[in-house]
Amino acid sequence: MPRIILAPLQGVTTPLFRTALASMFTGFDEAMAPFITTTSNGPPPAKHMKEILPENNNNRLKIIPQLLSKEGGDFLEAAKVIVDLCGADEINWNIGCPSGTVTGKKRGAGLLPYPEVIDRFLGVVCAKLSCKLSVKMRLGMIDSREWEALAPILNNYPISEITIHARTGKQQYDGYADVDMFAECKAAIKHPVVYNGDVVSVEFADKIIKRFPDLSGIMVGRGLIANPLLSMSIQNGCEADKKERSIAIFNLHKKMFAQYAEILQGGAFLGRMKELMKYWGPMLSEDERLIRDVLRARCVEDYEEAYKALHNS
Ligand SMILES: Cc1cc2nc3c(=O)[nH]c(=O)nc-3n(C[C@H](O)[C@H](O)[C@H](O)COP(=O)(O)O)c2cc1C
């Protein structure tokens, strides 16, 4: 059984969420942290660094810090601070983020059409990085065969592991992960490979594990957030039923509600809870009106009332 890794989701897999999920549910021992952007005027600010500090994370969970960067020098400067402060033994390079504001600056998935820039970046970083470097990428930005030009370059460097989200950047999160194209890409890469994309059921995970028996890991994002029992279910080979999933969500919601209420107020608090409810709502009810009421709540009282109606539906 390959290991299961919680995917990074900016605004969702916060330290509080990772800690709660790992302390209440089993089946995964690692989480990649959402990206921190490097800058050319010094290391990342403390408010970003605190997200990955060991004291703010569950110590049973290995946290892999991730950097979004296009300059090798900036990456090295940020990485040094992360290694010193967190004792990280691995840092991940994000070349998969599809957001227009990121790709427009030739970062994230915006780098995938530029093999020569990736080659230069890796040359600078691999010469000096004091810990392992892993990469999280997509198949391409526009074309799902862009990886063909990248694989020989990635194979030239001592990369510890490559996570491949089997979509293009242009797809964003739409359509389906292209498992056949992932198979071709994986075969061309000599490093350990982690599969990522659309693992939302035991059945899908089983298919991936059977088809790729030598995978280094499976990274699960939206599926594990929507169904906190998913990693345990994959490990046991048995899907939880709707009632078990609803109880799991109810307990996790209760914990997140209490913990976010301690540190956030008003809109910031509601924003965090609603991000989670985008995943939990459809698991709790098929009634779109009830889900919409939760997502449109304008104050905490309205939110609580709408949540109760949704949960009891
Ligand atoms: C809201 C959101 C935020 C994300 N933030 C990040 C991020 O910070 N770093 C990253 O590498 N991927 C990020 N991703 C991509 C996920 O890690 C993952 O690759 C993607 O959701 C596909 O996996 P899944 O189908 O299991 O969710 C994000 C995805 C979403 C939906």
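Residues numbered from 1 in each chain as written. Predicted model: local features only at pLDDT ≥ 70, side-chain atom pairs only at ≥ 80, totals over all residues.

Visitor: Quick question: what am I supposed to make of helix α12 (residues 266–284) here?
Guide: Quick reminder: α-helices carry 3.6 residues per turn. Residues three or four places apart thus point the same way. Of all the bends in α12, the greatest, near 45°, is centred on Lys278, and the proline Pro282 appears no more than four residues after it. Tucked into the core, α12 has its buried residues touching α9 (222–226), α11 (242–263), α13 (288–296) and α14 (300–311). (Bend = angle between axes of the 7 residues up to and from the residue. Helix = DSSP H or I, 4+ residues; strand = E, 2+ residues; numbered from the N terminus. Contact = placed C-beta atoms within 7 Å.)

Visitor: Just to check I follow, could you spell out the site of the ligand for this structure?
Guide: The immediate surroundings of the ligand are formed by 23 residues, with Ala7, Gln10, Pro34, Gly221 and Arg222 found nearest. Grouping the constituent residues of the shell around the ligand by class yields 10 nonpolar, 10 polar and three charged. (Near = placed C-beta within 6 Å. Nonpolar A, V, L, I, M, F, W, Y, C, P; charged D, E, K, R; others polar.)

Visitor: Please clarify how the sheet that holds strand β7 (residues 132–140) should be interpreted in this entry.
Guide: In any sheet, the strands associate via hydrogen bonds between backbone groups, in a parallel or an antiparallel arrangement. Read across the sheet, 10 strands follow the order β3-β5-β6-β7-β8-β9-β10-β1-β2-β4 without closing on themselves; strand pairing throughout is parallel. For this open sheet the edge positions go to β3 (36–37) and β4 (62–64), each flanked by a neighbour on one side alone. Bridge count for strand β6 (residues 90–95) against β7 is six bridges, and the pairing is parallel. Bridge pairing in β7 links Trp93 to Val135. Across the sheet, helix α7 (residues 179–188) touches β7, β8 (159–168) and β9 (193–196), and the angle it forms with β8 is around 155°. (Pairing = 2+ DSSP bridges. Axes fitted to C-alpha atoms, helices over the stretch in contact; angles between N-to-C directions.)

Visitor: Got a minute to help me understand the domain arrangement of the protein chain in this structure?
Guide: How big an interface is tends to be stated in terms of accessible area lost as the parts join. As assigned here, the protein chain comprises domain 1 (3–236) and domain 2 (242–311). Measuring from the centre of the C-alpha atoms in domain 1 to the corresponding centre in domain 2 gives 28 Å. Domain 1 puts 14 residues into the contact, and the matching count from domain 2 is 15 residues. Within the residue set of the side of domain 1 that touches domain 2, elements represented by two or more residues are α1 (15–24) and α9. (Domains from an automatic or database assignment.)

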